[in-house]
Amino acid sequence: METGNSENRVLLPANVVPKNYKIWLKPDLTAFTFHGTVSIELEVVRETDRIVVHAAELKVRSASVTYTSAGGGGRLEASGWTEEPDGNDMLTLSFGQPLPLGAGATLTMAFDGILNDNMAGFYRSKYSTLDGEQRYAATTQFQPTDARRCFPCFDEPALKATFEISLTLPDHLVALSNMPATLCVGELSRLKKYASVIRVLAHTQ
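Our subject in this report is the structure included herewith. (Residues numbered from 1 in each chain as written. Predicted model: local features only at pLDDT ≥ 70, side-chain atom pairs only at ≥ 80, totals over all residues. Heavy atoms only, no water.)

Quick look at the overall build of the chain now. Summing up its helical and strand segments, the chain has zero helices and 15 strands in all. The buried share of the chain, taken over its 205 residues, is 40%. In the chain, 64% of the contacts between residues at least 6 apart in sequence involve partners at least 24 apart. Within the structure as shown, the chain displays about 10,900 Å² of accessible surface, and the carbon and sulfur contribution to it stands at 51%. (Helix = DSSP H or I, 4+ residues; strand = E, 2+ residues; numbered from the N terminus. Buried < 20%, exposed > 50% of the residue type's maximum accessible area, 1.4 Å probe, protein only. Contact = heavy atoms within 4.5 Å. Areas by Shrake-Rupley, 256 points an atom, 1.4 Å probe, with all protein chains shown as cover.)

Take a look at the structure:
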């Protein structure tokens, strides 16, 4: 880990740099939970057999990385992942062999989360219909340190990347985004995919 000078913050190791996120989320507005996957395109700037990401209130179910380099490529399953005990919401993924310097890699993780009621990350928000019926919506708030409550990510201002987001939701629900939908398929369960957000921070403001 590295320590930031201005606020004495602990920063993520500078061994990989994120370039693009492909995120899929499926919220459950009855159980107040969600399932998700994220595929993060990375550039390996230091040879490493570990990748550290931010994750808070998420349960990781699987993690793997594929890579290509001048010497070849392959796919590595994470041999394990551990939460750092210092309260910085860091999750360390360990792999059986190092990723070579200069490789292009894609880190893929499956995870589960909670639609919390703290207005942080991916959370639930209660509203009333015109006839007074109370319902819930799933909403995002990615102010600094909150994106990590929605998906594992490199949640630091210096680590900019593009995002592509897909949602699976029941057909009677409406999904809104600040980017146009590029795909909408399905009947009882609908998949919506949104255009890439250009070079935003991991925690957009």
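As a further point, take the side chain of Thr92. Within the secondary structure layout, Thr92 lies in strand β8 (residues 90-99). At 2.5 Å, the side chain of Thr92 forms a polar contact with the side chain of Glu84. (Polar contact = N/O pair within 3.5 Å; in protein donor to acceptor, adjacent residues only side chain to side chain.)

For the structure on display, the rule yields 11 salt bridges. Among the salt bridges present, the one from Glu43 reaches Lys19, with a minimum N-O distance of 3.5 Å. A residue pair is termed long-range when its members are at least 10 positions apart, and Glu43 in strand β4 (residues 33-44) and Lys19 in strand β3 (residues 16-28) qualify at 24 residues. Overlapping salt bridges bring together Lys22, Glu41 and Glu164 as one network. (Salt bridge = Lys/Arg side-chain N within 4 Å of Asp/Glu carboxyl O.)

So, about the environment of Ala181. Structurally, the position occupied by Ala181 is in strand β13 (residues 181-186). Owing to a relative accessible area of 43%, Ala181 belongs among the partly exposed residues under this scheme.

To continue, consider the pairing of strand β5 (residues 48-54). Summarising burial for β5: five of the seven residues are buried, a large majority. Of the strand pairs in this sheet, β5 and β8 are connected by six bridges, and their pairing is antiparallel. Its bridge partner lying in β8, Ile51 is registered against Leu93. (Pairing = 2+ DSSP bridges.)

Another aspect to go through is the side chain of Ser64. By the element assignment, Ser64 lies in strand β6 (residues 58-69). Separated by 3.3 Å, the side chains of Ser64 and Arg75 make a polar contact. Beyond its immediate chain neighbours, meaning those up to four positions away, Ser64 contacts Arg75, Leu76, Glu77, Ala78, Phe95, Thr106, Leu107 and Thr108.

It is worth spelling out the packing of aromatic side chains at this point. Scanning all chains against the criterion turns up six aromatic pairs. Geometrically, the ring pair formed by Phe32 and Tyr136 is edge-to-face, given 4.8 Å between the ring centres and 65° between the ring planes. Separated by 104 residues along the polypeptide, Phe32 in the loop between β3 and β4 and Tyr136 in strand β11 (residues 134-141) bring together distant segments of the chain. Classification of Phe32 by relative accessible area gives buried; the value is 19%. A relative accessible area of 33% means that Tyr136 is categorised as partly exposed. Both rings, one in Phe142 and one in Phe151, keep their centres 5.8 Å apart while their planes meet at 70°; by these two values the pair is edge-to-face. (Phe/Tyr/Trp six-rings, centres within 6.5 Å; stacked < 30°, edge-to-face > 60°.)

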